[in-house]
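Structural features, examined
Okay, here's what each chain looks like letter by letter:
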Amino acid sequence: MAKHVHLIGVCGTAMASLAGMLRAQGHRVTGSDMAAYPPMSDQLRAMGIPIMEPYSEKNLDPRPDLVVVGNAISRGNPELERVLDERIPMTSMAALIHDEFLQDRESLVVCGTHGKTTTTSMLAWIYETAGIREQGLGIREDDAARWTPSFLIGGVAENFGTSFRVQEGTRPFILEGDEYDTAFFDKGPKFLHYFPDAAILTHVEFDHADIYTDLNAVKTAFKRMVNLIPRRGRLLAFDGSENVTECAAKAFCAVERYGFKEDSYWQAVDMKHEGVVTTWTLLRGGVEFAKLRLPMAGEHNALNATAAAALAAGQGIPVEAIVEALATFKSVKRRLEVRAEVAGVTVIDDFAHHPTAIRETLRALKSAYAGRRLWAVLEPRSNTLRRNVFERELVESLSLADEVVLAGVFKSDAIPVLERLEPEHVVDALNARQVPAVLCADADAIVAEVTPRVRAGDVVAILSNGGFGGIYTKLPQALEAAVAGSLL
């Protein structure tokens, strides 16, 4: 029966996807948020789902049948307070996904500190390609469709143009398994609600410093995820991390390692990078499984593709579909996404949230755009980057750039002074290494700083996991204005 479902914090990537999934099932869906920004705001509006801004008790008129409380919502939010006062039925995103969408389906979950969104998108595209290929081979539609997946991705997968899809029947459901907490009333990670039949574990590092006290707490969360996989299931575990090894050590299911090590079941060899294209040979048990080509830069993306290929192959996806899918993969919005080319200046958007992710992004860009001056424009916005716990690692990562511009810490007052990142320290450390670095107050100040200094051939990587004051459009517009005024 159709219900009115209201989502508090609807512009989060997973929440926006859930809104679309519920809408596709025929429910009336409304949502609210404090600040809507693309790509999820665009996706919601395209689906006809209204976004109410800001939070207000009035957003719950008429009274919904069910309220989904996003994990960023805490006590004091006016809508949450009304929900509690009036005992309006409420749940979390992850719990509702389990109850409404995962029953009688094969649950394939991609977990890890880094690479989840891209790997989940790759896996979904591999399954989709397998279904399309079998239909093209004249296989009966019902049989071919067994591969066509439902999916939930923490970003917009460009091959699909969306972050979610729900198929009828018992076909596989591919999910990005987030380790962040579930809701103010459920502090466990979201992936504990997904009960994977098979899973990928990409990396395990200390992250989300606002909810995890240390690395051991992070590892405990991933160990609990591994402990949910049934004996008949499989775990694909990256071979280059001692933390992953520890988390996988007590699995009751089969564990297949992937990466570069000779003793791993899935080994990537002969990897080559040519511009934005990466090629390599994938061995399975020491025997060649496939020669793979991926139109994405970066060793980290090739490892993501290796994990997706390995899980898919073990679930029965034909190798031909895997090869074709990876060769035609179009990435994910805000992952090394080229936003503009103006007067020879390339502006790239990447969803930076952790020093390791920043390092791999900059490494990939230096390889893809060899010989070109690389700018790193960073907004410390994630709950990890806003803290000083990784200050040294952040300096190391940003040192890969030729020019660095830092914004002030996003909502710095919310971070205790002794825990707060001091961007001035990062800038001073970079300059001491002979890496030119400056600190600017906000996006407008950064645009004013960068526009007159860039030159044809430069690559400007904008690194943030949020809206960053609209810099993704402001900088290209300023560059175009400079060209028009003959300032470049």
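Throughout, residues of each chain are indexed from 1 in the direction in which the sequence is written. In keeping with the model being predicted, local features are shown solely for residues with a pLDDT of at least 70 and side-chain atom pairs are shown and tallied solely at 80 or more, while totals for entire chains, interfaces and linings include all residues. Think of the side-chain values as coming from all heavy atoms in the structure, minus any hydrogens and water.

**A look at the packing of helix α1 (residues 13-24) against helix α4 (residues 93-101)**
- Helix axes are fitted only over the stretch in contact, all axes being lines through C-alpha atoms; the angle between N-to-C directions runs from 0 to 180 degrees. Helix numbering and strand numbering both begin at the N terminus, where a helix is a DSSP run of H or I of at least 4 residues and a strand a DSSP run of E of at least 2. Relative orientation of the contacting elements α1 and α4 amounts to 30°, with a least axis distance of 11 Å. In terms of axis orientation, α1 runs roughly parallel to α4. Crossing of α1 against α4: the hand is left-handed. Residues A14, M15, L18, M21 and L22 of α1 lie in contact with α4, whose contacting residues are M93, L96, I97 and F101.
- Here the contact of α1 with α4 is built from residues that sort into nine nonpolar, no polar and no charged. Here the word oblique covers every angle except those under 35 degrees (roughly parallel), over 145 (roughly antiparallel) and from 65 to 115 (roughly perpendicular). Handedness of a crossing follows from how the near helix is turned relative to the far one, being left-handed for an anticlockwise turn of less than a right angle and right-handed for a clockwise one. Should any heavy atoms of two residues lie within 4.5 Å, those residues are considered in contact. Three residue categories are used. Nonpolar comprises Ala, Val, Leu, Ile, Met, Phe, Trp, Tyr, Cys and Pro, charged comprises Asp, Glu, Lys and Arg, and polar comprises the others, including Gly.

**Re the sheet that holds strand β23 (residues 459-463)**
- Read across the open sheet, the six strands follow the order β18-β19-β23-β20-β21-β22; overall the sheet is mixed. Each edge of the open sheet carries a strand with a single partner, namely β18 (337-342) and β22 (437-440). Taken over all neighbouring pairs, the strand axes of this sheet differ in orientation by 20° on average, direction set aside.
- When DSSP finds two or more bridges between a pair of strands, those strands are recorded as paired. Where strand β19 (residues 345-350) and β23 come together, five bridges link them in parallel fashion. The residue bridging D350 from the neighbouring strand is L463, located in β23.

**Some points on the pattern of salt bridges**
- The salt bridge criterion pairs a side-chain nitrogen of Lys or Arg with a carboxyl oxygen of Asp or Glu, the two atoms within 4 Å. Applying the stated criterion across every chain, the model contains 28 salt bridges.
- Here R82 makes a salt bridge to D61, at a shortest N to O gap of 2.9 Å. Of this pair, R82 sits in helix α3 (residues 78-86) while D61 is found in the loop between β3 (51-52) and β4 (66-69), placing the two residues 21 residues apart along the sequence.
- Relative accessible area serves as the criterion here: at 12%, R82 is assigned to the buried category.
- As a salt-bridge pair, R334 and D349 come within 3.0 Å of each other at their nearest N and O atoms. In this pair, R334 is assigned in the loop between α10 (319-327) and β18 and D349 in strand β19, connecting sequence segments 15 residues apart. Just as R334 is buried, D349 falls in that class too. The classification of residues rests on relative accessible area computed with a 1.4 Å probe and restricted to protein chains. Under 20% of the type maximum is buried, over 50% is exposed, and intermediate values are partly exposed.

**Here we look at the sheet that holds strand β2 (residues 28-32)**
- Strand order in the open sheet formed by five strands is β3-β2-β1-β4-β5, with parallel pairing between adjacent strands. The open sheet has two free edges, formed respectively by β3 and β5 (90-92), since each of these has just one partner strand.
- Here strand β1 (residues 4-8) pairs with β2 via five bridges, running parallel. Each bridged residue has a counterpart across the sheet, and for L7 the counterpart in β2 is G31.
- The strands touched by α3 within the sheet are β1, β2, β4 and β5, with β1 carrying the most contacts at an inclination of about 135°.
- Relative to the sheet, α4 contacts β4 and β5, its axis offset from that of β5 by approximately 90°.

**Points about the environment of C253**
- Tracing the backbone through its elements, the reader meets C253 in the loop between α8 (242-248) and β14 (254-259).
- Separated by 20 residues in sequence, C253 and G233 place their C-alpha atoms 5.4 Å apart.
- For C253, the residues in contact, after removing those within four places along its chain, are I229, P230, R231, G233, R234 and L235.

**Section: the pairing of strand β16 (residues 277-284)**
- Burial of β16 is extensive: six of the eight residues sit out of reach of the surface.
- Of the strand pairs in this sheet, strand β15 (residues 266-274) and β16 are connected by seven bridges, and their pairing is antiparallel. Across the sheet, V269 pairs through a bridge with T281, a residue of β16.
- Counted between consecutive antiparallel strands, the loop separating β16 from strand β17 (residues 287-294) contains two residues, among which G285 sits at a positive phi close to 60°.

**A look at unusual backbone geometry**
- Put simply, E53 and P54 share a cis peptide bond, and its omega is -10°.
- Topologically, P54 is positioned in the loop between β3 and β4.
- The residue after D61, namely P62, is reached through a cis peptide bond having omega -5°.
- For F195, which is not glycine, the phi dihedral falls at a positive 45°.
- Note that F195 resides in the loop between β11 (186-189) and β12 (198-201).

**As for the UniProt feature "domain: Mur ligase C-terminal" (unreviewed entry) in the protein**
- UniProt positions are given in the numbering used here, feature names are shortened, and annotations may be inferred rather than shown by experiment. In this structure's numbering, the residues bearing the UniProt feature "domain: Mur ligase C-terminal" (unreviewed entry) are residues 334-466.
- Annotation note: span residues 334-466, helix share 30%, strand share 23%, distance between end C-alpha atoms 10 Å.

**Considering the pairing of β22**
- Examined bridge by bridge, strand β21 (residues 403-407) and β22 share four bridges and lie parallel to one another. Among the inter-strand pairings, V405 is bridged to a residue of β22, identified as V438.
- This β-α-β element, β21 to helix α13 (residues 423-432) to β22, shows right-handed connectivity. Here is how to tell: hold the view so the strands point away, follow the path from the first strand over the helix to the second, and if it runs clockwise the crossover is right-handed.

**Examining the nonpolar core**
- One finds L7, L18, M93, Y194, L201 and L235 to be the most contacted residues of the largest nonpolar core, which totals 53 residues.
- No other element matches α1, which puts seven residues into this core.
- Mapped onto the domain boundaries, this core takes at least three residues apiece from domain 1 (4-88) and domain 2 (97-328).
- Ignoring any residue separated from it by four or fewer positions in sequence, one finds Y194 in contact with M93, A94, I97, L102, S107, V109, L152, L175, E176 and G177. Nine residue types can take part in a nonpolar core, namely buried Ala, Val, Leu, Ile, Met, Phe, Trp, Tyr and Cys, and a core is a set of them joined through side-chain atoms within 4.5 Å. Residue ranges labeled as domains rest on an automatic or database domain assignment.

**Thoughts on α1**
- For α1, which comprises twelve residues, the first-to-last C-alpha distance of 17 Å matches the rise-based estimate of 16 Å (1.5 Å per residue) to within 8%.
- With nine of twelve residues buried, α1 is to be regarded as a mostly interior element.
- Along α1, the residues that are buried comprise A14, M15, A16, S17, L18, A19, G20, M21 and L22.
- One or two positions beyond α1, positive phi appears at G26, with a value near 95°. By this rule, a helix spans an expected 1.5 Å times one less than how many residues it contains.

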